[in-house]
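Coordinates in review
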Amino acid sequence: MAELLIAGAMVGWFCLMICLGHRYPVVKIPAKAYLTDALAAVAAGVIGIPLAYITGAAAIWASQATGLQLNLIHPDQIGLGLPVVDEALRILAMILVPLAVYDFWLAFSHRLEHHVPVLWDIHQVHHSDRWMNPLTVFRDNFLQIQWRSFFSMLTIGLFVDLNFKEGGQAAVYSQLFLFAWAALCHSNIRIELPWLEGILVTPQYHRIHHSTRPEHIDKNFADVFPVFDMLFGSYVHPKKGEFPETGLASGEPIDGIGGVIFAPFRSWFKRLRLRFP
């Protein structure tokens, strides 16, 4: 029952973000532009999310194998003695704790995705959207979801006492929450929130990260908390009225669901051919 409520809330939230993007748009988005992102969302649900469960469990195993766990938090000890409330609190903890750890380590992992060629070949699929909208959240190759799920669960496994099943659940819960937050940050809503941008990532703030302008390349990496960009020198505060075009700086298109799924493999093949002519 809880899963159905979460799914319904997610669908409603994404529909709201899309509607607001049409009512208060940055750019006019053609209807066909949503097709690839919608199909990518289906692929994420069919391929990416189930694999994320396995990846999360594998990451917990890997963190345990290091023998370095601190186990500062025990999910099974969270609660007030009320079954329904305790389950809600446990789910909330499995969202917020991974989120905090995830966003901290994203300062490192997201930079790797931009600077390590093999990882950029995967991540560029997400950046290729020229009409950024809430469904751009799902414009990821399924390998991207596995990389981020493994990375976040590997680190959280060092601090939180999770078994394999709980690790998989935490990966899925935190990923769903991030999808919802990212729907706002990737939206086409022309909204400026300068008073908030030093605290939380906003649509205008994240649009800078997707910008094709040279001065915006490798800036505003954070997904939730801009403080990490401030700490690592990648923070750019959007100027008033600044809503740049998005896409790959190279101008290379990655179109269709085939591009979303197979683009990394094509890029790797090209690199191998250049390396071994």
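Residues numbered from 1 in each chain as written. Predicted model: local features only at pLDDT ≥ 70, side-chain atom pairs only at ≥ 80, totals over all residues. Heavy atoms only, no water.

Some points on the overall build of the chain
If you tally the helices and strands in the chain, you get nine helices and zero strands. A buried classification covers 49% of the 277 residues belonging to the chain. Within the chain, contacts between residues separated by at least 24 positions form 78% of all contacts whose residues are at least 6 apart in sequence. Accessible surface, the chain: about 13,900 Å² in total, of which carbon and sulfur atoms supply 71%. (Helix = DSSP H or I, 4+ residues; strand = E, 2+ residues; numbered from the N terminus. Buried < 20%, exposed > 50% of the residue type's maximum accessible area, 1.4 Å probe, protein only. Contact = heavy atoms within 4.5 Å. Areas by Shrake-Rupley, 256 points an atom, 1.4 Å probe, with all protein chains shown as cover.)

Looking at the packing of helix α4 (residues 117-127) against helix α9 (residues 256-275)
Taken N-terminus to C-terminus, the directions of α4 and α9 make an angle of 155°; their axes are 8 Å apart at the nearest point. Of the possible angle classes, the one that applies to α4 and α9 is roughly antiparallel. Judged by the sense of rotation from one axis to the other, the crossing of α4 with α9 is right-handed. Residues Pro117, Val118, Asp121, Ile122, Gln124 and Val125 of α4 pack against Gly259, Val260, Ala263, Pro264, Ser267, Trp268 and Arg271 of α9. Per-class residue counts for the contact of α4 with α9 are eight nonpolar, three polar and two charged. (Axes fitted to C-alpha atoms, helices over the stretch in contact; angles between N-to-C directions. Parallel < 35°, antiparallel > 145°, perpendicular 65-115°, else oblique. Left-handed = near helix turned anticlockwise from the far one by under 90°. Nonpolar A, V, L, I, M, F, W, Y, C, P; charged D, E, K, R; others polar.)

Details of the confidence of the model for the chain
Counting all residues, the mean pLDDT for the chain is 79, and 68% of those residues have values of 70 or more. In the model of the chain, helix α5 (residues 142-156) stands out as the element of lowest mean pLDDT, 68, in contrast to helix α7 (residues 203-210), which has the highest, 96. (pLDDT = per-residue confidence, 0-100.)

Some words on the pattern of salt bridges
Inspection of every chain in the model, using the stated rule, returns five salt bridges. The salt bridge involving Arg271 is made with Asp121; its shortest N-O contact spans 2.6 Å. With Arg271 in helix α9 and Asp121 in helix α4, the pair connects residues that are 150 residues apart, well separated along the chain. (Salt bridge = Lys/Arg side-chain N within 4 Å of Asp/Glu carboxyl O.)

What about the side chain of His210?
Here His210 is to be found in helix α7. Classification of His210 by relative accessible area gives buried; the value is 1%. Excluding its chain neighbours within four sequence positions, the residues that come into contact with His210 are His126, His127, Met132, His186, Glu245, Thr246 and Gly247.

Points about unusual backbone geometry
Of note, the phi angle at Asp218 is positive, near 60°, even though the residue is not glycine. Tracing the sequence through the fold places Asp218 in the loop between α7 and α8 (227-232). Overall, Asp218 belongs to the partly exposed group, its relative accessible area being 25%. Unusually for a residue other than glycine, Asn220 sits at a positive phi of about 55°. Along the chain, the position of Asn220 falls in the loop between α7 and α8. On the basis of relative accessibility, which here comes to 0%, the residue Asn220 falls in the buried class.

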